[in-house]
Amino acid sequence: MQILNTISETQQYLKAQQRAGKTIGFVPTMGALHAGHISLIEQAKAENDLAVCSIFVNPTQFNNPEDLKKYPRTLERDCEMLLPAGCDVVFAPSAEEMYPSLPQLKMDFGTLETVMEGKFRPGHFNGVGIVVSKLFNIVKPEKAYFGLKDLQQVAVIRRMVQDLSFDLEIIPCPTLRETDGLAMSSRNTRLSPEARALAPQIYKALNLAKEKLQSGASVIEMQIAVNEHFANYPEFELEYFEAADFDTLLPIETKIADAKTALCVAAFLGGVRLIDNIVF
């Protein structure tokens, strides 16, 4: 497994591999890897000649400096996990390598910027769009793999790939969960034991909401039930809980029979911001 730290050496190595006829599957990450990330690497390796993983905590997508400071950085452990998963190349640049100067470009993703993560984390998707487009231009993969836990991020990246004519395929992959239902996330390591025991209530709330909508309840009735659920757990600070159209991620008022619905949530627990979603 090659561990590369500069853009030039990464481009040089991967261009040589592609000239030799090898295909590249790419998994962009911010490190602090877990089984969900590893499943993406394994799928990338199964579908391509080379599996490439980037590990870079991107400062431009954090609107909270304290969140950036606390984000776990575990490069050595991450590489130990990647090797048996079949990863061929790790691209682990510094912030100075990726951003010799602050980017002046601004990306606007339209209505995706106005709801949920876009609404509560202004500038977040601009930072995501810039770093992912840079990584795509450095790695030049045939396929790139993203977990659906970050549903809105996947929608933003698909829009960017379509609008800017990137020559690659985006592969969305299912959310992996712990045995108690908690969505796997690098942020879970920051939860205290008490908070970790409560965290699965997020997934329970999502399933409660799904059952309500499938039984004919309105979105307002569903949200009342969700609020009552979280009222039993005052440790949670609910930021949003939305029912949205899966394709546009715009809020819906009622469940449409033939359309996919996304239920999306963000909540603070013990000072840690957790997100999750289910689609049905």
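In the block above lies the structure referred to throughout.
None of these values were measured; they are calculated from a predicted model.

**Some remarks on the packing of aromatic side chains**
Inference 1: Enumeration according to the criterion identifies 7 aromatic pairs in this entry.
Inference 2: Consider the rings of Phe-56 and Tyr-99, whose centres lie 6.2 Å apart with planes at 45 degrees: the pair is tilted. Taken as a pair, Phe-56 in the loop between β3 (50–55) and α3 (65–70) and Tyr-99 in the loop between α5 (95–98) and α6 (116–120) lie far apart in primary sequence, 43 residues in all.
Inference 3: Geometrically, the ring pair formed by Phe-230 and Phe-236 is edge-to-face, given 5.3 Å between the ring centres and 65 degrees between the ring planes.
Inference 4: Each member of the aromatic cluster is reached from another via a ring pair, and the members are Phe-26, Phe-136, Phe-146 and Phe-166.
Inference 5: Over the aromatic face of Phe-246 sits the side chain of Lys-260, whose NZ or CZ is 5.1 Å from the ring centroid.

**Description of the state of the cysteines**
Inference 1: Under the definition given, this model contains 0 disulfides.
Inference 2: Lacking any disulfide linkage, Cys-53 is separated from the closest cysteine sulfur, that of Cys-87, by 5.3 Å.
Inference 3: Of the cysteine sulfurs around Cys-173, a residue in no disulfide, the closest is that of Cys-53, at 13 Å.

**So, the layout of surface pockets**
Inference 1: Taken as a whole, the largest pocket spans an internal volume of roughly 280 Å³.
Inference 2: Taken together, 13 residues make up the lining of the largest pocket; nearest its centre are Leu-112, Ala-155, Arg-158, Arg-159 and Asp-247.
Inference 3: Among the residues forming the lining of the largest pocket, the class breakdown is 7 nonpolar, 3 polar and 3 charged.

**A short note on unusual backbone geometry**
Inference 1: With a phi angle near 55 degrees, Ser-165 is a residue other than glycine that sits in the positive phi range.
Inference 2: Here Ser-165 is to be found in the loop between α8 (151–163) and β6 (169–173).
Inference 3: The backbone of Leu-249 shows a phi angle near 65 degrees, a positive value even though the residue is not glycine.
Inference 4: On the secondary structure map, Leu-249 appears in the loop between β7 (236–245) and β8 (261–269).
Inference 5: Accessibility expressed as a relative area gives 2% for Leu-249, which makes it buried.

**A few points about the environment of Pro-28**
Inference 1: Summarising the element assignment, Pro-28 is placed in strand β2 (residues 24–29).
Inference 2: If we ignore the near neighbours within four places in the chain, the residues touching Pro-28 are Ser-54, Leu-135, Tyr-145 and Phe-146.

**With respect to a nonpolar patch on the surface**
Inference 1: A surface patch of nonpolar side chains, about 270 Å² in accessible area, is lined by Met-1, Ile-3 and Leu-83.
Inference 2: Within the secondary structure, Leu-83 is located in the loop between α4 (75–82) and β4 (89–91).
Inference 3: According to the relative accessible area criterion, Leu-83 is exposed, its value standing at 52%.

**Quick look at the sheet that holds β7**
Inference 1: Across the sheet, 3 strands lie side by side as β7-β8-β9; this open sheet has antiparallel pairing. Two strands lie at the open edges of the sheet, namely β7 and β9 (272–279), each paired on one side alone. With strand direction ignored, the average angle separating the axes of adjacent strands in the sheet is 15 degrees.
Inference 2: Looking at chain direction, β8 and β9 are connected through 8 bridges and run antiparallel. If you follow Cys-264 over to β9, its bridge partner there is Asn-277.
Inference 3: Each of β7, β8 and β9 touches helix α10 (residues 201–214); the most contacted strand, β9, lies at about 30 degrees to it.
Inference 4: Running over the sheet, helix α11 (residues 219–231) touches β7 and β8 and is turned about 160 degrees from β7.

**Let's talk about empty space enclosed by the protein**
Inference 1: Per the counting criterion, the structure on display carries 2 cavities of 30 Å³ or more.
Inference 2: When its volume is computed, the largest cavity comes out at roughly 860 Å³.
Inference 3: Forming the boundary of the largest cavity are 44 residues, of which His-37, Tyr-71, Lys-149, Asp-150 and Gln-153 lie nearest the centre.
Inference 4: Counting only elements with at least two residues in the lining of the largest cavity, the list comes to β2, α2 (35–47), α6, α7 (124–139), β5 (143–147), α8, β8 and β9.
Inference 5: Here the lining of the largest cavity gets 6 residues from one element, more than from any other, and that element is α7.
Inference 6: Residue composition of the lining of the largest cavity, grouped by class: 22 nonpolar, 15 polar and 7 charged.

Analysis parameters
- Residues numbered from 1 in each chain as written.
- Predicted model: local features only at pLDDT ≥ 70, side-chain atom pairs only at ≥ 80, totals over all residues.
- Heavy atoms only, no water.
- Phe/Tyr/Trp six-rings, centres within 6.5 Å; stacked < 30°, edge-to-face > 60°.
- Helix = DSSP H or I, 4+ residues; strand = E, 2+ residues; numbered from the N terminus.
- Lys NZ or Arg CZ within 6 Å of the ring centre and 35° of its normal.
- Disulfide = S-S within 2.5 Å.
- 1 Å grid on protein atoms, 1.4 Å probe; cavity = no way out; pocket = protein on both sides within 12 Å on 5 of 7 lines; lining within 4 Å.
- Points joined across faces, edges and corners; volume = space filled by probe spheres on them.
- Nonpolar A, V, L, I, M, F, W, Y, C, P; charged D, E, K, R; others polar.
- Buried < 20%, exposed > 50% of the residue type's maximum accessible area, 1.4 Å probe, protein only.
- Contact = heavy atoms within 4.5 Å.
- Patch = residues over 30% accessible without salt bridge, like charges linked within 9 Å, V, L, I, M, F, W, Y side chains within 5 Å.
- Areas by Shrake-Rupley, 256 points an atom, 1.4 Å probe, with all protein chains shown as cover.
- Salt bridge = Lys/Arg side-chain N within 4 Å of Asp/Glu carboxyl O.
- Pairing = 2+ DSSP bridges.
- Axes fitted to C-alpha atoms, helices over the stretch in contact; angles between N-to-C directions.

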